[in-house]
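# Breakdown of the fold
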Amino acid sequence: MFLYEKNFDLQKKKALESLNEALEKGLVDSDIISLLNKINSLENYFTTSSCSGRISIMQMPDLGDKLNAIWLGKWHSEVKIEEVLDAINKHDEGMLWFIVHSPILHVSAKTLEDAIKLLNLAIACGFKHSNIKSVSHKKLVVEIRSTERMDVPLGRDGKLWVNERYLAKIVSMANLQLRRAKEKLRKLEDEIQKLKK
């Protein structure tokens, strides 16, 4: 028996305590809570982190400097062009980015067999970028991630490189991607009970 199997129950208990604290503080995306509860109700799995997918406007001091980046706007649901423009108007320095991230979940599995079952199910539900993220003596983690993503540079140092018509097209595409990603989450939620022993 691997150490991660021996420690699994204790790690699950701690992870669920952390999740409950995050839920009480309203720090968990509301549209993913039901899926998290279903995964955590399974004997051989527990979630460690999650995001239901998001659209955001980010100000970054230099290309790739996410550590010092500032979120000017962040939405976990479809967004209106007016909301995006309000966020863009806060931009004053550095690079300005429009970003779409797909949903992402990290799920700890009790055994390698459990991890592979979850990975195969996630891929079948459309989460094509899923993988086994970590296999160590301490933990075994499956990353569930989809393909929806956009990284669009919009301007620099307070100057916008694109017009509102172009922005409207980007927002429309982003909303479509987010809608598609959320449908995959619902499909995964419908299918997750197949992992019950």
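Going along each chain's sequence as written, the residues are numbered from 1 onward. In keeping with the predicted nature of the model, local features appear solely for residues at pLDDT of at least 70, side-chain atom pairs appear and are counted solely at 80 or more, and the whole-chain, interface and lining totals rest on all residues. Excluding hydrogens and water, the side-chain figures rest on all heavy atoms present in the structure.

### Notes on the environment of Ile144
Helix and strand assignments follow DSSP, with helices taken as H or I runs no shorter than four residues and strands as E runs no shorter than two, numbered in order from the N terminus. When you line up the elements, Ile144 lands in strand β7 (residues 140–145). Of the residues examined, Ile144 reaches a relative accessible area of 0% and is grouped as buried. Once you skip the residues sitting within four places of it in the chain, Ile144 turns out to touch Pro103, Ile104, Leu105, Val107, Leu118, Ala122, Phe127, Ser130 and Leu188. Burial here depends on accessible area, computed with a 1.4 Å probe over protein chains only, as a share of the maximum for the residue type. Under 20% is buried, over 50% is exposed, and the range in between is partly exposed. Two residues form a contact once any of their heavy atoms are found within 4.5 Å.

### Thoughts on helix α2 (residues 8–24)
A rise of 1.5 Å per residue sets the reference length of α2, with its 17 residues, at 24 Å; its end C-alpha atoms lie 24 Å apart and thus fit the reference within 8%. Those residues of α2 not exposed but buried are Phe8, Lys12, Ala15, Leu19 and Ala22. Down the axis of α2, the sector holding all buried residues measures 85°, keeping them to one side. Exposed residues pointing more than 90 degrees away from the buried face of α2 are listed as Asp9, Lys13, Lys14 and Glu24. Helix span, as expected, comes to 1.5 Å for every residue beyond the first. Working definition: the arc comes from the directions between the helix axis and the C-beta atoms, pointing outward to the latter.

### Some words on the pairing of strand β5 (residues 104–109)
Most of β5 sits inside the fold, with five of its six residues counted as buried. With five bridges connecting them, β5 and β7 associate as antiparallel partners. Within β7, the position partnered with Ser108 by the bridge is Val141. Strands qualify as paired when DSSP identifies two bridges or more between them.

### Things to note about unusual backbone geometry
With a phi close to 50°, Asp157 is a non-glycine residue in the positive phi region. Summarising the element assignment, Asp157 is placed in the loop between β8 (149–156) and β9 (159–160).

### Here we look at the pattern of salt bridges
Here, a salt bridge means any Lys or Arg side-chain nitrogen found within 4 Å of an Asp or Glu carboxyl oxygen. What the rule picks out here adds up to 12 salt bridges. A salt bridge links Glu17 to Lys13; its shortest N-O distance comes to 3.2 Å. One end of the pair is Glu17 and the other is Lys13, both in helix α2 and four residues apart, which spans about a single turn. Assessed through its relative accessible area of 40%, Glu17 is described here as partly exposed. Between Glu148 and Arg180 there is a salt bridge, with the nearest N and O atoms lying 3.6 Å from each other.

### Quick look at the packing of aromatic side chains
Here is the rule: rings of Phe, Tyr and Trp (six-membered ring for Trp) pair when centre to centre is within 6.5 Å. Planes less than 30 degrees apart are stacked, more than 60 are edge-to-face, and the remainder are tilted. With the rule as written, the count across this model stands at one aromatic pair. With 5.2 Å between their ring centres and 55° between their planes, Phe8 and Phe46 make a pair best called tilted. Placement of the pair is Phe8 in helix α2 and Phe46 in strand β1 (residues 45–51), with a sequence separation of 38 residues. Neither Phe8 nor Phe46 differs from the other in exposure class; each is buried.

### A short note on the environment of Glu191
If you trace the backbone, Glu191 turns up in helix α6 (residues 164–191). Separated by 26 residues in the primary sequence, Glu191 and Arg165 place their C-alpha atoms 40 Å from one another. Of the polar contacts made by the side chain of Glu191, one reaches the side chain of Lys194; its length is 2.5 Å. Any N or O atom pair separated by 3.5 Å or less is treated as a polar contact, with the protein-specific requirement of one donor-capable and one acceptor-capable atom, and with residues adjacent in sequence counted only for side-chain atom pairs.

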